[in-house]
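For reference, the chains in residue letters:
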Amino acid sequence: MTRDATTDTEEHTLTTGTGEHTLTIDELAARAGLTVRTVRFYGSKGLLPPPAIGPRRVGHYGPGHVARLALIEELQQQGMTLAAIERYLEQLPPDLSPHDLAIHRAVVASWAPDALETVSRRELERRVGRATAPEDIERLAAMGVVLETQSAEGEEDTFRVDSGLLRLGVRLLDAPLSQEAILAARKVLIEHSRAAAHELAQLFRGEVAERDAQDVKSLSAHMHPLVVQALLTTFQRSLREELSEWLKGSGTG
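Cut-offs used in this document
Residues numbered from 1 in each chain as written. Predicted model: local features only at pLDDT ≥ 70, side-chain atom pairs only at ≥ 80, totals over all residues. Heavy atoms only, no water. Helix = DSSP H or I, 4+ residues; strand = E, 2+ residues; numbered from the N terminus. Contact = heavy atoms within 4.5 Å. Buried < 20%, exposed > 50% of the residue type's maximum accessible area, 1.4 Å probe, protein only. Phe/Tyr/Trp six-rings, centres within 6.5 Å; stacked < 30°, edge-to-face > 60°. Arc of directions from axis to C-beta. Axes fitted to C-alpha atoms, helices over the stretch in contact; angles between N-to-C directions. Parallel < 35°, antiparallel > 145°, perpendicular 65-115°, else oblique. Left-handed = near helix turned anticlockwise from the far one by under 90°. Nonpolar A, V, L, I, M, F, W, Y, C, P; charged D, E, K, R; others polar. Salt bridge = Lys/Arg side-chain N within 4 Å of Asp/Glu carboxyl O. Core = buried A, V, L, I, M, F, W, Y, C linked by side-chain atoms within 4.5 Å. Polar contact = N/O pair within 3.5 Å; in protein donor to acceptor, adjacent residues only side chain to side chain.

Visitor: Quick rundown of the overall build of the chain? Include the residues and the values.
Guide: The number of helices and strands found in the chain is eleven helices and five strands. Within the chain, counting contacts between residues at least 6 apart in sequence, those at least 24 apart form 58% of the total.

Visitor: Residues and numbers for the side chain of Asp136, please.
Guide: Relative to the helices and strands, Asp136 resides in helix α8 (residues 134-142). Given the relative accessible area of 12%, Asp136 is considered buried. What Asp136 contacts, discounting residues up to four positions off in sequence, is Arg130, Ala131 and Leu173.

Visitor: Could you give an account of the packing of aromatic side chains, with specific residues and numbers?
Guide: According to the stated counting rule, one finds one aromatic pair in the structure shown. Seen in terms of ring centroids, Phe41 and Tyr42 are 6.3 Å apart; in terms of plane orientation they differ by 50°. Their pairing is tilted. Owing to a relative accessible area of 4%, Tyr42 belongs among the buried residues under this scheme.

Visitor: Give a detailed account of helix α5 (residues 82-90), specifying residues and quantitative values.
Guide: Because an α-helix packs 3.6 residues into every turn, residues spaced three or four apart end up facing the same way. Among all positions in α5, only Ala84, Ile85, Tyr88 and Leu89 are buried. Burial along α5 is one-sided: seen end-on, the buried residues are contained in an arc of 135°.

Visitor: Tell me about the packing of helix α2 (residues 25-32) against helix α4 (residues 63-77), residues and numbers included.
Guide: Between α2 and α4, the least distance of the axes is 10 Å, while the angle of their chain directions is 40°. Accordingly, the angle class assigned to the pair α2 and α4 is oblique. Remark: the crossing between α2 and α4 carries right-handed chirality. Between α2, through Leu28, Arg31 and Ala32, and α4, the contact on the second element is made entirely by His65, Val66 and Leu69. Within the contact of α2 with α4, the residues separate by chemical class into four nonpolar, one polar and one charged.

Visitor: Account for the packing of α4 against α5, naming residues and giving values.
Guide: What describes two packed helices is the angle between their axes and the distance between those same axes. Two numbers describe how α4 lies on α5: the axes approach to 10 Å, and their chain directions differ by 130°. For the element pair α4 / α5, the angle class is oblique. Seen along the crossing, α4 lies across α5 with a hand that is right-handed. Contacts between α4 and α5 pair Arg68, Leu71, Ile72, Leu75 and Gln76 from the former with Leu82, Ile85, Tyr88 and Leu89 from the latter. Grouping the amino acids of the contact of α4 with α5 by side-chain chemistry returns seven nonpolar, one polar and one charged.

Visitor: Run through the pattern of salt bridges, naming residues and quoting values.
Guide: Scanning the model with the defined rule gives five salt bridges in all. Between Arg127 and Glu123 there is a salt bridge; the shortest N-O distance is 2.8 Å. Of this pair, Arg127 and Glu123 both sit in helix α7 (residues 121-128), separated by four residues, roughly a single helical turn. Using a relative accessible area of 31% as the deciding quantity, one classes Arg127 as partly exposed. Arg130 is the partner of Asp174 in a salt bridge, and the nearest nitrogen-oxygen pair spans 2.9 Å. A residue pair is termed long-range when its members are at least 10 positions apart, and Asp174 in the loop between α9 (163-173) and α10 (179-208) and Arg130 in the loop between α7 and α8 qualify at 44 residues. Three or more residues are tied together by salt bridges with common partners; here these are Glu117, Glu123, Arg126 and Arg127.

Visitor: I'd like to hear about the nonpolar core, residue by residue, with values.
Guide: Residues Leu28, Val39, Leu69, Leu71 and Leu89 are the most contacted members of the largest nonpolar core, which totals 24 residues. At the level of secondary structure, the elements contributing two or more residues to this core comprise α2, α3 (36-44), α4, α5 and α6 (98-109). Counting residues per element, this core draws most heavily on α4, which supplies six residues. Aside from chain neighbours lying at most four places away, what touches Leu71 is Tyr88, Leu89, Leu92, Leu101, His104, Arg105 and Val108. Ranked by size, the runner-up nonpolar core spans 14 residues in total, among them Val128, Ile137, Met143 and Val146.

Visitor: Give me the environment of Thr118: which residues, what numbers.
Guide: With respect to the helices and strands, the residue Thr118 is situated in strand β3 (residues 116-120). Along the backbone, Thr118 and Thr158 are 40 residues apart, and their C-alpha atoms lie at a distance of 6.5 Å. Excluding its chain neighbours within four sequence positions, the residues that come into contact with Thr118 are Thr158, Phe159 and Arg160. Here the side chain of Thr118 touches Arg160 through a polar contact of 3.0 Å, side chain to side chain.

Have a look at this one:
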């Protein structure tokens, strides 16, 4: 059934379970930087869950739809076909929160080669989404996200930015953690990630020892996203269990 154009843009009062206002399909498309036609296409392919249907048969979308569209766009930017994206999304747990989907998007972005860009302060602030105070730059630099470069006198400051880490770094700017705690956590993650990567590389090395270079490259491209997703899922479960035990022990669970 074709919906009248005015019903998609009418005011709505439905909210999600967290009290946030839902979006019409026009608002969802605008939020995601897509056309309404593209959003509907994704829905028809099963890549996007159906909306909640409100009064006058108007579809209402929530944060989960926004996060899933962002993940789909990131997967496309990595060169995945719609069929491959569909297979990837089918492997995800059906009850992932918008936050979990954002984490998966960050992991997908990490598949791309390391990308350091030189940007102006104005461009950096556009990507961060706000003006950057000196302490913000210091915090991002401490996390390895931003490296300030020298500028000629009278010219605007420029920065070397790790685009793959920028989203995460920006979210950590307002985290209720000290810079020392964030740096300590970063050290733990780097050390254990390198150890896991080394052991996995040793494990797979025997599988490719007798193969030619093209087979090795193909296996690497195939295994990279699978291993990253497996590590992410395992880590999320382990962290959830650790936090649950901690809450029980502190009497706040």
